Amino acid sequence: MFFLLACTLAYSQKRVLSRDITVTSSEELRLLNTFKEYQVVEIDLAKFSEDVTPLKETRILWDIGKSNNLDIQLYPHDIRSPSFKAAMVMEKGITNVEINKTVTYKGYLTNTGNKVRLTITDNFIYGSIQTDEGLLMIDQLKYVLKDKSIPSNKLVIYNNNNV
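Per chain, the residues get numbers from 1 upward, laid out in the order the sequence is written. Side-chain atom pairs in this predicted model are given and counted only at pLDDT of 80 or more, local residue features only at pLDDT of at least 70, and totals for whole chains, interfaces and linings cover all residues. Hydrogens and water are ignored here; the side-chain numbers use all heavy atoms of the structure.

**Concerning unusual backbone geometry**
Excluding glycine, most residues fall at negative phi; most peptide bonds, likewise, are trans.
For step 1, the next point in the chain: Phi angles above zero are rare outside glycine, and Lys146 is one such case at about 55°.
For step 2, the next point in the chain: Numbering goes from the N terminus for both helices and strands, where a helix is a DSSP run of H or I of at least four residues and a strand is a run of E of at least two. Residue position: Lys146 is located in the loop between helix 4 (141-144) and strand 12 (154-159).
For step 3, the next point in the chain: Throughout this description, buried means an accessible area under 20% of the type-specific maximum (1.4 Å probe, protein chains only), exposed means over 50%, and partly exposed covers the range between. The exposed category is assigned to Lys146, whose relative accessible area is 74%.

Laid out in structure tokens, this is it:
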């Protein structure tokens, strides 16, 4: 009984849903200047971050639409050095800030073993997923279009062969 409970706490399967969304005609023109093919989706970043953060190992089933259903095994992977220190520049000078939470993850697609690398927070996601068709890139629409007014939960997903 204890072994079963421990396994349940150490391993979890979560589902991440994406919803295809449309962009304005001007945004579409700007995206087509960069990408041959792309997909714009909306996800719940806070839920995604919550689902992967507290566990050592998380299995994510990510439906990113267009028949792309990814079965991902993710592990926290802190890429900061042991001597890492974060600081913010404020009006009164430089202030050290505490950042304990790991936001970088590595893993693999369970069906192929292909690499997955993601950075995930409540309002940020960026990364890559190696697929049989190439490197699938995950980026936020606001950074691709250089428009901070676009909500963080809107993503551009594209294959690096289509840039």
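Following the structure, the description resumes.
**Observations concerning the pairing of strand 10 (residues 124-131)**
Each regular strand shows side chains that alternate between the opposite faces of the sheet.
For step 1, the next point in the chain: For two strands to be treated as a pair, DSSP must find at least two bridges joining them. As paired elements, strand 9 (residues 115-121) and strand 10 share six bridges and run antiparallel to each other. Looking at strand 10, one finds that Arg117 is bridged to Ser128.
For step 2, the next point in the chain: Summarising the sheet, strand 10 and strand 11 (residues 134-140) pair through five bridges and their orientation is antiparallel. In the sheet register, Thr131 faces strand 11, and the bridge partner there is Gly134.
For step 3, the next point in the chain: Turn length for the strand 10-strand 11 hairpin, with the two strands adjacent in sequence and antiparallel, is two residues.

**A closer look at the nonpolar core**
For step 1, the next point in the chain: By nonpolar core we mean a set of buried residues, namely Ala, Val, Leu, Ile, Met, Phe, Trp, Tyr and Cys, connected to one another through side-chain atoms within 4.5 Å. Judged by nonpolar contacts, the single largest core of 23 residues is most densely connected at Phe48, Trp62, Ile72, Leu74 and Ile129.
For step 2, the next point in the chain: Among the secondary structure elements, those contributing two or more residues to this core are helix 3 (45-52), strand 4 (57-63), strand 5 (69-76), strand 8 (104-109), strand 9, strand 10, strand 11 and strand 12.
For step 3, the next point in the chain: For Trp62, the residues in contact, after removing those within four places along its chain, are Val16, Ser18, Ile43, Phe48, Asn68, Asn69, Leu70, Ile72, Ile125, Ile129, Ile138 and Leu155.
For step 4, the next point in the chain: In terms of nonpolar packing, the next biggest core, distinct from the first, is built from 12 residues, Leu31, Met137, Leu145 and Ile150 among them. Contact between two residues is taken to exist if any of their heavy atoms lie within 4.5 Å; hydrogens are not considered.

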